[in-house]
Amino acid sequence: MLYGIAAATTALLFAAVLAALIRPLALRLGLVDRRRARPVPVLGGFAVVGATCLVAGAGDWTGVAPLGAGVGELLIAGGAVSLLGLVADVWRLKTRFLLVGTAVAAACVVPYGEFGVAEGLLGVGWIAFVAVAFKGLDHADGLAGTVGVITAFGVGACATAEVMDGLAVLLSVLAAALTGFLMHNWHPARIALGATGSLFAGFVLAAAALITRTGHDPVASAGVLFALTGVASADVLLVVLSRLLAGRPVLRQGPDHLAHRLRRLGLTPPGATVVLGVAAFAGVLVGVLVHGGWIGRTGATCVACVTVSVVLLLLRVPVYGARRGSSLESTQVSGHLRVRNG
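Conventions used here
Along each chain, the written sequence defines residue order, and numbers are assigned to residues from 1. Since the coordinates come from a predicted model, pLDDT governs what is reported: local features require at least 70, and pairs of side-chain atoms require 80 or more to be given and counted, while whole-chain, interface and lining totals use all residues. The basis for every side-chain value is the complete set of heavy atoms in the structure, and neither hydrogens nor water enter the calculation. Only DSSP runs of H or I with at least four residues qualify as helices, and only runs of E with at least two residues qualify as strands; both kinds are numbered from the N terminus onward. C-alpha atoms define the radius of gyration in this analysis, and the globule rule sets the expected value at 2.2 Å times the number of residues to the power 0.38. Under the scheme applied here, a residue whose accessible area is under 20% of the maximum for its type counts as buried, over 50% as exposed, and between as partly exposed, the area being computed with a 1.4 Å probe on protein chains only. Two residues qualify as a contact provided that any one of their heavy atoms is within 4.5 Å of a heavy atom in the partner residue. Each accessible area is a Shrake-Rupley result for a 1.4 Å probe, and residues are judged covered by the shown protein chains and nothing else. Under this rule, positive means Lys or Arg and negative means Asp or Glu; His and the chain ends count for nothing. A charge is said to be at NZ when it belongs to Lys, at CZ for Arg, at CG for Asp and at CD for Glu. Each residue carries a pLDDT score, the predictor's own confidence in it, on a scale running from 0 to 100. For cavity detection a 1 Å grid was placed over the protein atoms alone, and a set of points counts as a cavity when a 1.4 Å probe fits there but cannot get out; an open set counts as a pocket when protein lies on both sides within 12 Å along at least five of seven lines, with lining residues being those that have an atom within 4 Å of a point. Grid points are joined across faces, edges and corners, and a volume is the space filled by probe spheres set on the points. Each residue receives one of three labels: charged for Asp, Glu, Lys and Arg, nonpolar for Ala, Val, Leu, Ile, Met, Phe, Trp, Tyr, Cys and Pro, and polar for the others, Gly being one of them. Fitted lines through C-alpha atoms serve as axes, helices being fitted only where they are in contact, and the angles separating the N-to-C directions of these axes extend from 0 to 180 degrees. Angles below 35 degrees are treated as roughly parallel, those above 145 as roughly antiparallel, those between 65 and 115 as roughly perpendicular, and all remaining angles as oblique. Crossing handedness follows the turn of the near helix against the far one: under a right angle anticlockwise gives a left-handed crossing, and clockwise gives a right-handed one. Take the number of residues in a helix, subtract one, and multiply by 1.5 Å to get its expected span.

A. Geometry of the overall build of the protein chain. The helix and strand tally for the protein chain stands at 15 helices and two strands. In terms of C-alpha radius of gyration, the protein chain reaches 21 Å, essentially the compact-globule figure of 20 Å for 342 residues. In terms of overall dimensions, the protein chain has C-alpha extents of about 85 × 50 × 35 Å along its principal axes. Split into buried and exposed, the 342 residues of the protein chain put 49% on the buried side. When contacts within the protein chain are restricted to residue pairs at least 6 apart in sequence, long-range pairs at least 24 apart make up 74% of them. Here the protein chain has roughly 15,800 Å² of accessible surface; of this, 69% comes from carbon and sulfur atoms. Side chains of the protein chain give 24 positive and 14 negative charges; the mean places of these two sets differ by 19 Å.

Written as structure tokens, this is what we have:
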């Protein structure tokens, strides 16, 4: 108990201090998120990854809080994913490469012996999906960190219920590191997670959630996993449907995520983050209750139905303006017609 409090406090403070030190370096190197109106440096994920790996690794190395079989490998695989994210932050890797690289790392941590090959491969795809989905949540100040903290506590509760103490320790340290990072990432953000931190957080959370469902019914597990990651999943579903319906490339970035649409409805940036944080808490709470057997699997079904309904409603919010080139071309054509008619 005392070690858990000390570890969480250390991770929180270390992440907060490290984020403050990384910010001027990222600005000097020009590593900023160009999707925003003001330059927000990326590489903040270094603070989260560093704090999580150092504190959790120290507990395991000293024997005070051993991570146990499989958890150490999960942390190493998460570190490898964060390096892939670093490459994406520096050289702007395409999403397809991030999916493939994350899937390779996920293939190294999925317990095939318990799930079987078919379900294990589905788990690999799901982990890669959630990791990239968390990267998408980094589009708004404080959103990825807030959802990450809430999800970490929820998955940690599931791990505790399964007496997976090492996994619960790792998740508590990750939650503390994300909390320390949020001191710099809340609106107006002074630094962002970037792919380095968002991929790491999403990967660790997804893999940990999958491991906690070892030995459970596959159908119920699918509902629990969706509930635990409902906001991230909803964001991907909304973006993909929106771009397909608009005839835009699915992998092209745009102002069409959850927080973007909520802001178009009149919410402030912090207000949108709070609303989505509450939604994440509701989904995670249902997932934990279903996992513990306190409510039936219909609870997770309700989360899925509500998520789909919200996505369909938000699809009606206009986010795509006329392309600059198209409007210029139409202006030139109309001008040419006026000259001819004149």
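B. Up close: the confidence of the model for the protein chain. Across the protein chain, the average pLDDT comes to 90, with 92% of residues at or above 70. Throughout residues 323-342 the model reports pLDDT below 50, and contacts reaching past four residues in sequence, or to other chains, amount to two contacts.

C. Examining the side chain of threonine 229 more closely. The topology assignment puts threonine 229 in the loop between helix H10 (218-228) and helix H11 (230-246). The contacts of threonine 229, once residues within four sequence positions are left out, are Trp126 and Val130.

D. The arrangement of the layout of surface pockets in detail. Within this model, the second largest pocket holds a volume of roughly 450 Å³. Taken together, 22 residues make up the lining of the second largest pocket; nearest its centre are Pro218, Ser221, Ala222, Gly223 and Leu225. Of all the secondary structure elements, the ones that give two or more residues to the lining of the second largest pocket are helix H5 (112-115), helix H6 (117-137), H10 and helix H14 (298-314). The biggest single contributor to the lining of the second largest pocket is H10, with eight residues. When its residues are assigned to classes, the lining of the second largest pocket shows 12 nonpolar, six polar and four charged.

E. Focus on empty space enclosed by the protein. Scanning the entire structure with this criterion turns up one cavity of 30 Å³ or more. Looking at the largest cavity, the residues that line it are Phe134, Val147, Thr151, Ala227, Leu228, Thr229, Gly230, Val231, Ala232, Ala280 and Val284. For the lining of the largest cavity, the secondary structure elements donating two or more residues are helix H7 (143-161), H10, H11 and helix H13 (269-292). Broken down by element, the lining of the largest cavity gets its largest block of residues, three residues, from H11. Classifying every residue of the lining of the largest cavity gives eight nonpolar, three polar and no charged.

F. Broad picture of the environment of alanine 103. Mapped onto the elements, alanine 103 comes out in helix H4 (residues 95-107). Considered as a pair, alanine 103 and valine 81 are 22 residues apart in the sequence and their alpha carbons are 9.5 Å apart. If near-sequence neighbours (up to four positions away) are discounted, alanine 103 is found in contact with Val124 and Ala128.

G. Structural view of the side chain of serine 242. Relative to the elements of secondary structure, serine 242 occurs in helix H11. For serine 242, a relative accessible area of 7% corresponds to the buried category. In this structure serine 242 touches Asp256, Arg261, Leu315, Val319 and Tyr320, once residues within four positions along its chain are discounted.

H. Summary view of the environment of alanine 192. With respect to the helices and strands, alanine 192 occurs in the loop between helix H8 (165-185) and helix H9 (194-212). Given the relative accessible area of 0%, alanine 192 is considered buried. In this structure, the C-alpha to C-alpha distance between alanine 192 and glycine 44, residues 148 residues apart in sequence, is 5.3 Å.

I. View of the environment of leucine 25. Its location among the elements puts leucine 25 in helix H1 (residues 2-29). Classification of leucine 25 as partly exposed rests on a relative accessible area of 42%.

J. Here's a closer look at the packing of H7 against H8. Viewed as axis vectors pointing N to C, H7 and H8 meet at an angle of 165°, and their least axial separation amounts to 8 Å. By the criterion of interaxial angle, the relationship of H7 to H8 is roughly antiparallel. In this structure, the crossing between H7 and H8 has a hand that is left-handed. Every residue of H8 that contacts H7 at Leu143, Gly145, Thr146, Gly148, Val149, Ala152, Phe153, Val155, Gly156, Ala159 and Thr160 is listed here: Leu167, Ala168, Leu171, Ala175, Leu178, Thr179, Leu182 and Asn185. The residue inventory of the contact of H7 with H8, partitioned by class, reads 12 nonpolar, seven polar and no charged.

K. Representation of H13 in the model. Given a rise of 1.5 Å per residue, 24 residues ought to cover 34 Å, and the 35 Å separating the end C-alpha atoms of H13 matches this to within 8%. Where H13 terminates, the next one or two residues include glycine 293, which has phi positive at roughly 80°.

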